Amino acid sequence: MFVLIIDYGSGNIKSVYNSVKKVLNDYDMSIEVKVSDNLLEIKNAFKIILPGVGSFNQCMDRINKTKDLVGTLNDQIITKKKPFLGICVGMQILADYGYENIKTKGLSWINGEVKSMKNFTDNSQNLKIPHMGWNNLSVNNKTINLLHNINDEDQFYFVHSYFFDVRNKKNIICNTKYGIDIPAIINDDNIFGFQFHPEKSGSSGLKILYNWLKLS
Amino acid sequence: MLSKRVIPCLDVHNGRTVKGINFVDLIDAGDPAEQAKLYNDLGADELCFLDISATNEERKTLFNIVSKVAESCFIPLTVGGGIKDNSDINNLLKSGADKVSINSAAVFEPDLIKKASDSFGCQCIVLAIDAYKDNNNVKSGYNVSTHGGKKKTNIDALQWAIEGEKNGAGEILLTSMNADGTKLGYDIELTSKISSEVSIPVIASGGAGKPLDMVNVLKKGGASAVLAASIFHFGIYTIENVKKEMLKYDISIRKTW
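This is a predicted model, so every value here is computed, not measured.

Turning next to the overall build of chain B. Counting its secondary structure elements, chain B contains eleven helices and eleven strands. Relative to the 2.2 N^0.38 estimate, which gives 18 Å for 257 residues, the radius of gyration of chain B is 17 Å and therefore close to what a compact globule would have. With the principal axes as the frame, chain B shows a C-alpha extent of 50 × 45 × 35 Å. Put simply, chain B has 257 residues, and 54% of those count as buried. In chain B, once contacts between residues fewer than 6 apart in sequence are set aside, the share between residues at least 24 apart is 63%.

Structure follows, in structure tokens:
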């Protein structure tokens, strides 16, 4: 049984790998972790993580360039309901469209659009963009297993200039506040997305990765 | 609410930390990975490695260090020093660095920031500015220096920061060469001048002597983060001391104790 981190040439795969590996070791979980873009591995994986660094359009370009990747992912995640986690831009590309650099079609797994934060934050507050650093989550529903042991003092590392404007509020598990409410954890059934980087969020990040890995 | 960040900076030379932490018994006090782990445990919000190696041969060890640090350190890591082109950046990011800071090279090759930001995203490109006060020369009163402050230029630090943002830098690491090493506090005037004119975060650096200095540059200078080296390395103050002082002044922090 293994968790697969999809390597499509985007950014900090290694940090994600290291953090998952650390959680699996620390909690003595009998799961392995692999990094690959091999379609067969995607089919055989028990859970899938899609990291993402860079821009929406670059990430989508890379995914589209990998032959049959979108088709395989659609089959595994949407049809077969395999557990999935998208991180940062890996979450954003689940949207219908992104507007970073150029309007780009996303995977359309969770309805909404990814827009620049600049047009939404109040300039009088002199908020810096990117939203960079540690922020906490405003949790609406503490009973869900993903947030087990996560409390108000836990903070997570964010770095982004665009945000996922989620259409159906029921898909938002937590927001973070930065001028406006920014969806920080989104969900639809077997699909989760984190706007923050759990792999860079110290012990809080490892805790939430553990919770996700444990979800059945 | 977004927390203000406290960032210890470690100098690395030929794969070893110099002037590193020397208030605790580390098995190997010159090992960057051990020091990184310790600062991670002590509540650092980010880490900054500055490679001061003079030759490329010495610098090669950096990739191994970064990759070793990334195995045990789950907070953001910025690496700077001697970065000349996209291939250096690519190697560092692949090794596990989250951001790279570019200093002198940006002065000599003005396209570098733009090229780097286009290829890797603005989130990982930090423009490091070593500024010194020169009242008669440029409009802002601060010039850019290179080579660790040894060489002065006629570039206005404020204009340089604005241009850096335009070219796609995601953050500015602003060091006051006048305040650096004095322990008399950050240059609030410089920090405030730059921070109020750019929309990207500014990390204040140079001059930290006590926790109140950090409070002042965050409150009055508009900095998003504070960087310090010696006050942490010598155990004069801990990161917790600094964060507790920040709390007293209602600055939001990431509580790590």
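The rest of the description comes next.
Once that is clear, we can look at helix α8 (residues 188–195) of chain B. All names here are of chain B. With six of its eight residues buried, α8 lies for the most part within the structure. What α8 keeps buried is the set Ile 188, Leu 190, Thr 191, Lys 193, Ile 194 and Ser 195. For α8, the secondary structure elements touched by its buried residues are β6 (125–133), β7 (142–146), α7 (157–166), β9 (171–176), β10 (202–205) and α9 (211–219).

Okay, the sheet that holds strand β4 (residues 84–87) of chain A next. Residues and elements named next belong to chain A. Read across the open sheet, the eight strands follow the order β2-β1-β3-β4-β14-β13-β12-β9; overall the sheet is mixed. Strands at the two margins of the open sheet, each flanked by one partner only, are β2 (32–36) and β9 (138–139). Note: β4 against strand β14 (residues 191–194), four bridges, orientation parallel. Across the sheet, the residue bridging to Phe 84 is Ile 191, located in β14. Packing of helix α1 (residues 13–26) onto the sheet brings it into contact with β1 (2–6), β2, β3 (47–50) and β4, and relative to β2 it is tilted by some 170 degrees.

For helix α3 (residues 56–65) of chain A, the full list of buried residues reads A:Phe56, A:Gln58, A:Cys59, A:Met60 and A:Ile63. In the core, the buried residues of α3(A) are packed alongside α4 (69–79), α5 (89–92), β5 (97–98), β6 (104–105), β7 (112–116) and β11 (162–166) of chain A.

Each value, and the rule that gives it
- Residues numbered from 1 in each chain as written.
- Chains lettered and ligands numbered in written order.
- Predicted model: local features only at pLDDT ≥ 70, side-chain atom pairs only at ≥ 80, totals over all residues.
- Helix = DSSP H or I, 4+ residues; strand = E, 2+ residues; numbered from the N terminus.
- Rg over C-alpha atoms; globule rule 2.2 N^0.38 Å.
- Buried ≥ 20, exposed ≤ 12 C-beta atoms within 10 Å, placed from the backbone.
- Contact = placed C-beta atoms within 7 Å.
- Pairing = 2+ DSSP bridges.
- Axes fitted to C-alpha atoms, helices over the stretch in contact; angles between N-to-C directions.

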